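# Commentary on secondary and tertiary structure
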Amino acid sequence: MTENNFLNNLNATQQEAVRYNESASLIIAGAGSGKTRVLTYKIAYLLTSGIDPHRILALTFTNKAAKEMKERIAGIVGEKTASQLWMGTFHSIFSRILRQHAECLGFTSQFTIYDSADSKSLLKSFIKTKNLDDKIYKAGNIQSKISILKNHLVSPSSYAQDPECQRNDYLQKMPEFYSIYKQYVERCKQSNAMDFDDLLVNTYLLFSSFPDIRNRYQELFSFILIDEYQDTNYSQHIIVKILSEKHQKVYAVGDDAQSIYSFRGANIDNILTFQKDFPNCKLFKLEQNYRSTKNIVEAANSLIEKNSNRIHKTIFSEKNRGNLLEVISSYSDYDEATSITSKIRQILRNNEYNYSDFAILYRTNSQSRVLEDAFRRNNIPYKIYGGISFYQRKEIKDIIAYCRLSINRNDEEALRRIINYPARGIGETTQNKLFLTAHTLNKSVFEVAENAGEFDIKINNGTQKKLSDFTQTIKDFTSFYKKNDAYASVEKIIKESGIIADISSEDTPENLSKKENVEEFLNMVYEFCDRKANEGEENISLADFLAEVALFTDQDNEKEEERNKVTLMTVHSAKGLEFKNVFIAGLEEQLFPSAMCQTPSELEEERRLLYVAITRAKENCILSYAKSRFRNGQTQFSNPSRFIKDIDPRYLHQQQESNTFYGKESFNAFSGFKPHFSKPESAVTKTYEPNNTGKTTVSFNGSELHIGTKVLHAVFGNGVVVGLEGEGDEQKAKVDFQLKGTKQLLLKYAKLTITG
DNA sequence: TAACAAGACCCCGAG
DNA sequence: GGTCTTGTTA
């Protein structure tokens, strides 16, 4: 493309921001103002004006954002050019650079990326071997402390030199913290492994310690673009500064009003003080919102104005005025969920919307449960985001651990995970001996396990044989992966590691789902190879796959059947998305704003979070709160969120309370119990009915359970109810399982599904 | 060593 | 209430 015709799709400010090329620029892009569009057109503009694609670095926070942007750019300049861009997440781009220069830092290019579970398990092993009190030294706390330090580029040695740090350790009663931090860094290096934070820290170290490498990349990247700048942490900000030193062409796009990730290290000051860091910086403000109605935009503005720490801007919409934001008040979380589903039905009756035009946003994942129940009861299709990621599932992590160890024998966490899985008689005692010996002799655990007989440890011949069988299996995998592609290697590993045999040994529903996941994983390897082959790469090996798999998340691939469904997700995960109808549930004190947020700056972040939530809505926005809520095992009463009062009332329509379906009477009747159970008919009446022993029918999860009901248990499989007894919480069912015989189950706990 | 009971913990979460 | 981890026991 020679003409920049595509620029005609932009408004005046957007065009200006795209065309400007003199110095660094900061583009403050209000919600819905076409941020991604400006970023993609900026890159396309650079490319069409003759800049080499490999001299452009574009950084995002999620794979999804990078992928979408790449696709859009490919649409303008063609796939071939687009694929030559340095475009991806901070972590993937930096890991690519680090693999090139790993030797400089004492790693090999095959280094493993530890995920947070690996780091945590390593830290736990330190706490244990150092005999520290795990009530004081909590692995999770230590992990986040280390992460904060790394985000601020504080190495163990600079930590040691700072008396303030030592003092804090004593105040927190953790004098051993420093030695744990130091040992953690050392052990990662010995294991040829980096955690997620290391991908940033080590990139910084690479550039600060090796001037020729730094120069090379400073020279190479003549243009650096960063999406969502408000989400950058200190280390990312510094690396961007280093990389842009020579050309000074940094394009930072972001919105201070949408900074909601301080809890994971994001520093809003990076964007607020950006102009000081880049003195000739030109500021652009994209203030027209193309997404939402006037009422929604102005309501959001009136809310965010209550924050003091912000870059001033006036977001406006030229869409129609639209409906007022509705406020729904309910008596309990249960009622709230019911109100939301009936409101959805009501909107659907009067308008031509699909289920996919609706989203329910909430502050915490735990709120999804009641909502989910209501959607089921009302037969509304829904999908929930959040929960255990595919890659965190045990069976998947086990397979990946075998892959990791086959490629990097020093990967201690992978070895720890699988040395006795599937069970092969290498128990805790043997493992302790191995680890101790390895660390004393400064050898890898694998090496010690390989020739256990040669070291002065008391491991009997039988166990030695088991150990050498295990290491031999891994060595076989290693030589196999060098000659075969990733798909064949993973297939071999799944079969020969014994994993597939282990999950096939018993036909439980759990195992069935595990098998499906393993199958799914194998498909993903296949697709990975396929995609790489299409991009012109040959001989895609297990190492190639593994280099990327640690950075994968399951946000990326949405399945076809998930399309026309209502979306349930946290406000955080809704960032960047939009829906015609948005419900914001649980707008209560102690929940939104969260009880954890007390300081003014924390409250400002909560307010920004609600701002993000409201600005997801294109046409209708419904705010909802409940007066009581079942939380942490008990009913809690709370007041409406202070943020509702922050919104100018002229944009709000307060619903009459009569809209709740299980009104005040029903609530009061059970207020001594749990309003959670104020379900219609069966549940309440039957559960609290006196003298109902010897019954043949009880209520269960809103349906009836009687003698003869067919049920499915998560562990025991299929069975038939043969007896019922007990009251309330003590209520038990006797179930005859096809495979497991007769069991007594407490209905309160039993994971039963009625199947007939 | 697996199975089960008791105890802890519970905000948001990319890579 | 639910889930995950840890401790205990047969």
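What you see is a predicted model, and the numbers here were worked out from it, not measured in a lab. (Residues numbered from 1 in each chain as written. Chains lettered and ligands numbered in written order. Predicted model: local features only at pLDDT ≥ 70, side-chain atom pairs only at ≥ 80, totals over all residues. Heavy atoms only, no water.)

### Remarks on the overall build of chain A
Operational definition: A run of H or I in DSSP counts as a helix once it spans at least four residues, and a run of E counts as a strand once it spans at least two, with each numbered from the N terminus. Think of it in three bands: residues with accessible area under 20% of the maximum for their type are buried, residues over 50% are exposed, and the middle band is partly exposed, with areas taken using a 1.4 Å probe on protein chains only. It only takes one pair of heavy atoms within 4.5 Å for two residues to be counted as in contact. All accessible areas in this document rest on Shrake-Rupley with a 1.4 Å probe, and a residue is counted as covered only by the protein chains that are shown.
Helix and strand counts for chain A stand at 32 helices and 25 strands. In chain A, which comprises 756 residues, the share counted as buried stands at 50%. If you take every contact in chain A between residues at least 6 apart in sequence, the share linking residues at least 24 apart comes to 74%. Counting only carbon and sulfur atoms, one obtains 47% of the accessible surface of chain A, whose full area is about 35100 Å².

### Considerations on the pattern of salt bridges
Quick note on the threshold: Salt bridges, as used here, are contacts in which a Lys or Arg side-chain nitrogen is within 4 Å of a carboxyl oxygen on Asp or Glu.
One pass over the structure, following the stated rule, counts 41 salt bridges. Of the charged contacts in the structure, one is a salt bridge between D115 and K397, with a shortest N-O distance of 2.9 Å. Residue D115 is found in the loop between β4 (112–114) and α6 (116–129), and its partner K397 is found in helix α19 (residues 394–407); the two are separated by 282 residues along the sequence. You can call D115 buried: its relative accessible area is 14%. Across the pair K532 and E548 runs a salt bridge whose closest N-O atoms are separated by 2.8 Å. One end of the pair, K532, is in helix α26 (residues 509–534); the other, E548, is in helix α27 (residues 542–549), and 16 residues separate them in sequence. Under the relative-accessibility criterion, K532 is labelled buried at 9%. Residues participating in the shared-partner salt-bridge network are K35, D227, E228, D231 and K575.

### A word on the sheet that holds strand β7 (residues 250–254)
Quick reminder of the rule: Criterion used throughout: strands pair if DSSP finds at least two bridges between them. Only the contacting stretch of a helix is used when fitting its axis, a line to C-alpha atoms as for every element, and angles between N-to-C directions run 0 to 180 degrees.
A sheet is described by the order of its strands in space; here six strands give the open sequence β3-β2-β6-β7-β1-β8, paired in parallel fashion. On the outer flanks of this sheet lie β3 (86–89) and β8 (282–286), each paired with one strand and no other. Direction aside, the axes of adjacent strands within the sheet are offset by 15 degrees on average. By the bridge criterion, four bridges tie strand β1 (residues 25–29) to β7 in an arrangement that is parallel. Note that in β7 the partner of L26 across the bridge is A252. Together, β2 (56–60), β3 and β6 (223–226) form the strand contacts of helix α5 (residues 90–101), whose direction differs from that of β3 by roughly 120 degrees.

### Let's talk about the side chain of T567
Inspection of the secondary structure assignment puts T567 in strand β14 (residues 566–570). If we ignore the near neighbours within four places in the chain, the residues touching T567 are F358, A359, I360, K383, Y385 and F579.

### Some details on the packing of helix α7 (residues 139–151) against helix α11 (residues 196–209)
As a reminder, the rule being used: In what follows, roughly perpendicular refers to angles from 65 to 115 degrees, roughly parallel to angles under 35, roughly antiparallel to angles over 145, and oblique to any angle outside these ranges. Two helices cross in a left-handed way if the nearer one is turned anticlockwise from the farther one by less than a right angle. They cross in a right-handed way if the turn is clockwise. Note that Gly is not counted as nonpolar here; it falls among the polar residues with everything else outside the nonpolar set of Ala, Val, Leu, Ile, Met, Phe, Trp, Tyr, Cys and Pro and the charged set of Asp, Glu, Lys and Arg.
Contact pair α7 / α11: the axes reach a minimum separation of 9 Å and the direction vectors enclose 25 degrees. Taken together, the axes of α7 and α11 are roughly parallel relative to one another. As for the relative orientation of α7 and α11, their crossing is left-handed in sense. Facing α7, whose interface residues are S147, K150 and N151, α11 presents D197, D198 and V201. Considering only residue class, the contact of α7 with α11 consists of one nonpolar, two polar and three charged.

### Let's talk about the packing of aromatic side chains
What counts here: Each Phe, Tyr or Trp ring, with Trp reduced to its six-membered ring, pairs with another whose centre is within 6.5 Å; inter-plane angles below 30 degrees give stacked pairs, above 60 give edge-to-face pairs, and intermediate values give tilted ones. By the criterion adopted, a ring carries a charge over it if an Arg CZ or a Lys NZ lies within 6 Å of its centre and within 35 degrees of its normal.
Tallied over the entire structure, the rule returns 27 aromatic pairs. When the ring of F107 is compared with that of F111, the centres are 6.4 Å apart and the planes differ by 70 degrees; the resulting orientation is edge-to-face. The exposure class of F107 is buried, given its relative accessible area of 9%. By relative accessible area, F111 is classed as buried at 2%. The structure contains a cluster of three or more aromatic residues connected by ring pairs, namely F390, Y391, F521, F528, F545 and F552. A cation over an aromatic ring shows up here: R96 above the ring of W86, its NZ or CZ 3.9 Å from the ring centre. Over the face of the ring belonging to Y421 we find K394, whose NZ or CZ atom lies 3.6 Å from the ring centre.

### Describing helix α3 (residues 63–77)
Put simply, the rule is: Here, expected helix span is obtained from the residue count minus one, scaled by 1.5 Å. By construction, the arc corresponds to the directions joining the helix axis to the C-beta atoms.
A rise of 1.5 Å per residue sets the reference length of α3, with its 15 residues, at 21 Å; its end C-alpha atoms lie 21 Å apart and thus fit the reference within 8%. For α3, every residue scored as buried is listed here: A66, M69, I73, A74, I76 and V77. The arc enclosing the buried residues of α3, seen along the axis, measures out at 155 degrees, which places them on a common side. For α3, the elements touching its buried residues are α2 (35–48), β2, α4 (79–83) and β3. At the C-terminal side of α3, G78 shows a positive phi close to 95 degrees.

### So, the protein's contact with DNA strand B
Put simply, the rule reads: Here, proximity means that at least one heavy atom of the residue falls within 4 Å of the molecule or strand. Polar contacts here mean pairs of N or O atoms no more than 3.5 Å apart (in protein, one a potential hydrogen donor and the other a potential acceptor; neighbouring residues in sequence count only if both atoms are side-chain atoms).
Lining the immediate surroundings of DNA strand B are 23 residues, of which N63, H91, R363, N365 and T553 lie closest. Put simply, 48% of the atoms of DNA strand B that lie within 4 Å of the protein are in sugar or phosphate. Between a phosphate oxygen of DNA strand B and a main-chain N or O atom of N63, the distance comes to 2.3 Å. Separating a base oxygen of DNA strand B from a side-chain N or O atom of R363 is a distance of 2.6 Å. If you list the elements that add at least two residues to the surface near DNA strand B, you get α11 and α28 (571–574). Classifying every residue of the surface near DNA strand B gives five nonpolar, 14 polar and four charged.

### Here we look at unusual backbone geometry
At the junction of Y421 and P422, the peptide bond is cis and its omega measures out at -10 degrees in the coordinates. Note that P422 resides in the loop between α20 (412–418) and α21 (428–441). With an omega of 15 degrees, the peptide bond running from F592 to P593 counts as cis. Inspection of the secondary structure assignment puts P593 in the loop between β15 (579–584) and α29 (600–614).

### Considerations on helix α12 (residues 211–220)
Residues I213, Y217 and Q218 constitute the buried set of α12. The arc enclosing the buried residues of α12, seen along the axis, measures out at 135 degrees, which places them on a common side. Those residues of α12 hidden inside the fold are in contact with β3, α5, α11 and α13 (234–243).

### A short note on the pairing of β7
Let me state the cut-off plainly: Here is how to tell: hold the view so the strands point away, follow the path from the first strand over the helix to the second, and if it runs clockwise the crossover is right-handed.
Within β7, five of the five residues are buried, which leaves the element mostly enclosed by the surrounding structure. Bridge count between β6 and β7: three bridges; the pairing is parallel. In the sheet register, I224 faces β7, and the bridge partner there is V250. Viewed along the sheet, the connection from β6 through α13 into β7 turns out right-handed.

### So, the state of the cysteines
For clarity, the threshold we go by: Put simply, a disulfide is two cysteine sulfurs that come within 2.5 Å.
A complete count under the given rule lists zero disulfides for this structure. Of all cysteine sulfurs, the one in C188 lies closest to C104, which takes part in no disulfide; the gap is 19 Å. Residue classification places C104 among the partly exposed residues on the basis of a relative accessible area of 35%.

### Quick word on the packing of α2 against α3
Packed helices, taken two at a time, are described by their axes: the angle between them and the distance between them. α3 packs onto α2 with a crossing angle of 40 degrees between their chain directions and a minimal axis gap of 10 Å. As judged from the angle between their axes, α2 and α3 are oblique. Of the two possible hands of crossing, α2 and α3 adopt the one that is right-handed. Here α2 contributes T36, R37, L39, T40, Y41, I43, A44, L47 and T48 to the contact with α3, which in turn contributes M69, R72, I73, I76 and V77. Class assignment of the residues belonging to the contact of α2 with α3 gives a composition of nine nonpolar, three polar and two charged.

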